[in-house]
Amino acid sequence: MTTDAADDWKRWHEHRLETVAAPHGPLSLTGTHWLEDYPEGRLPDIPGAWRTDGDGVVLTAAAPDGLTVDGEPLTGEVRLAADTGAAAASRVALGDRRLVVLVREGAWGIRDFDPKSEARRAFGGIEATPYDPRWAVPGRFTPYGTGRTVRVVNADGRERGLGLGGELSFALDGEEFTLQVSVEGDGSLWAVFADATSGVSSHRFRFLRPDAPDAEGRTTVDLNRALLPPCAFADHFICPFPPPGNTLRAAVAAGERNLR
C-alpha cells in the first residue's frame, strides 16, 4: 500500500463525514412530499400552498407563514423550478430548514431538510474499511452506441427509469466483472451495485463513482470509495436499486459499509 493512496483515502473519508453531517446534508432530510399526493396544496408541517403548474411549482404564502425565497419574506406567489444544486442553496427556506423542489419523471415534490433532524443528532459516523490497494484496479469503460434506460425499483417502492451509458469492466483476484454505469455531465461514471456482502456486512446496495475515462476508456475502479447511498442516511430519499447484472459475485469488503 502506498502512503499517498492511504492518505488520500483518509482525507476523502474525513471529507465525506463532514459532508454527510453538514446542517443540510443527507442526514437532515425529514420528508419528501409529492404534490400529486396533496391535491389541496397543503403539505405536512410545511406552510404555504403548493401546486404544480406545467414545468414548475407555484408557491403561495403570507407573512405569518414565515417562508423566504432568495432570502426575502414571501408574501404572495412565486413560481419555482427544480433546485439542481446543494440543499443549502435552495431558494425556499423556513428558518433553518431548506425546502427543495424536485421533479422525477414529471412528478413534482418538495424535500424538507431540517438541521435539527433526529438522524443528524444521532449520527455516530460511517463504518468504513481502511484503504487496501487490492480493491483499486484498472477498469475499462465501453459506451453503448446510444443511451439506454431500464426500469428499476427505487427505495420508496416506486419504479423509475435509470439511464445507462455503457459498461465498466474490471478484474478482482483474476475474475472478470462488469457493471452497467451511468455517465454524469462531467464525464465521470456512476454505478449502483450490490455484492456478496450486501445486506449482510454492508448496506443492501452501494454507489461507486469512478473518474471520467480517458480517450481509450481507461479509468480506475476504486472500491475503497464505495459509497453508502443517500437512503442509508434518511428514509425519504428515492435511491434506485441496482439494475439487472449489477450484483457482483465477489464479497467487496471495502469502502463504506454501514452507519455506526
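Everything discussed here concerns the structure shown above.
Computed from a predicted structure; not experimentally measured. (Residues numbered from 1 in each chain as written. Predicted model: local features only at pLDDT ≥ 70, side-chain atom pairs only at ≥ 80, totals over all residues. Heavy atoms only, no water.)

Draft legend 1. Here's a closer look at the side chain of Asp114. Mapped onto the secondary structure, Asp114 falls in the loop between β9 (107-113) and α2 (118-122). For the buried Asp114, no salt bridge exists, and the shortest N-O distance to an oppositely charged side chain is 4.5 Å, to Arg97. In contact with Asp114, other than residues within four places in its own chain, are Pro23, Ser28, Thr30 and Arg97. (Helix = DSSP H or I, 4+ residues; strand = E, 2+ residues; numbered from the N terminus. Buried < 20%, exposed > 50% of the residue type's maximum accessible area, 1.4 Å probe, protein only. Lys, Arg positive; Asp, Glu negative; His and termini not counted. Salt bridge = Lys/Arg side-chain N within 4 Å of Asp/Glu carboxyl O. Contact = heavy atoms within 4.5 Å.)

Draft legend 2. Local environment of the pairing of strand β12 (residues 159-172). Across 11 bridges, strand β11 (residues 136-153) lies against β12 in antiparallel orientation. Across the sheet, Val150 pairs through a bridge with Leu162, a residue of β12. Between β11 and the antiparallel strand that follows it, β12, lie five residues; Gly157 among them carries a positive phi value of about 90 degrees. Of the strand pairs in this sheet, β12 and strand β13 (residues 175-183) are connected by seven bridges, and their pairing is antiparallel. Bridging across to β13, Leu172 finds its partner in Glu175. In textbook terms, the turn of a hairpin is the stretch between consecutive antiparallel strands, and for β12 and β13 this stretch comprises two residues, one of which, Asp173, has a positive phi near 50 degrees. (Pairing = 2+ DSSP bridges.)

Draft legend 3. Representation of the nonpolar core. Membership of the largest hydrophobic core comes to 23 residues, with the highest contact counts inside it found for Phe113, Phe205, Phe207, Phe237 and Cys239. Of all the elements in the fold, those that place two or more residues in this core are α1 (3-20), β11, β12 and β14 (189-193). Counting residues per element, this core draws most heavily on α1, at three residues. If we skip the residues at most four places from it in the chain, Phe205 touches Val192, Phe193, Ala194, Ser198, Pro229, Cys231, Cys239, Pro240, Phe241 and Pro242. (Core = buried A, V, L, I, M, F, W, Y, C linked by side-chain atoms within 4.5 Å.)

Draft legend 4. A look at the sheet that holds strand β2 (residues 49-52). Taking strand neighbours across the sheet as the criterion, the three strands line up as β2-β3-β6 in an open arrangement whose pairing is antiparallel. If you trace the sheet from one side to the other, it starts and ends with β2 and β6 (76-80), each paired once. When strand polarity is set aside, the average angle formed by the axes of neighbouring strands in this sheet is 20 degrees. Judged from the four bridges that link them, β2 and strand β3 (residues 57-61) form a sheet pairing that is antiparallel. Paired with Ala49 across the strands is Thr60, a residue of β3. (Axes fitted to C-alpha atoms, helices over the stretch in contact; angles between N-to-C directions.)

Without other data, these values stay purely geometric and don't point to any function.
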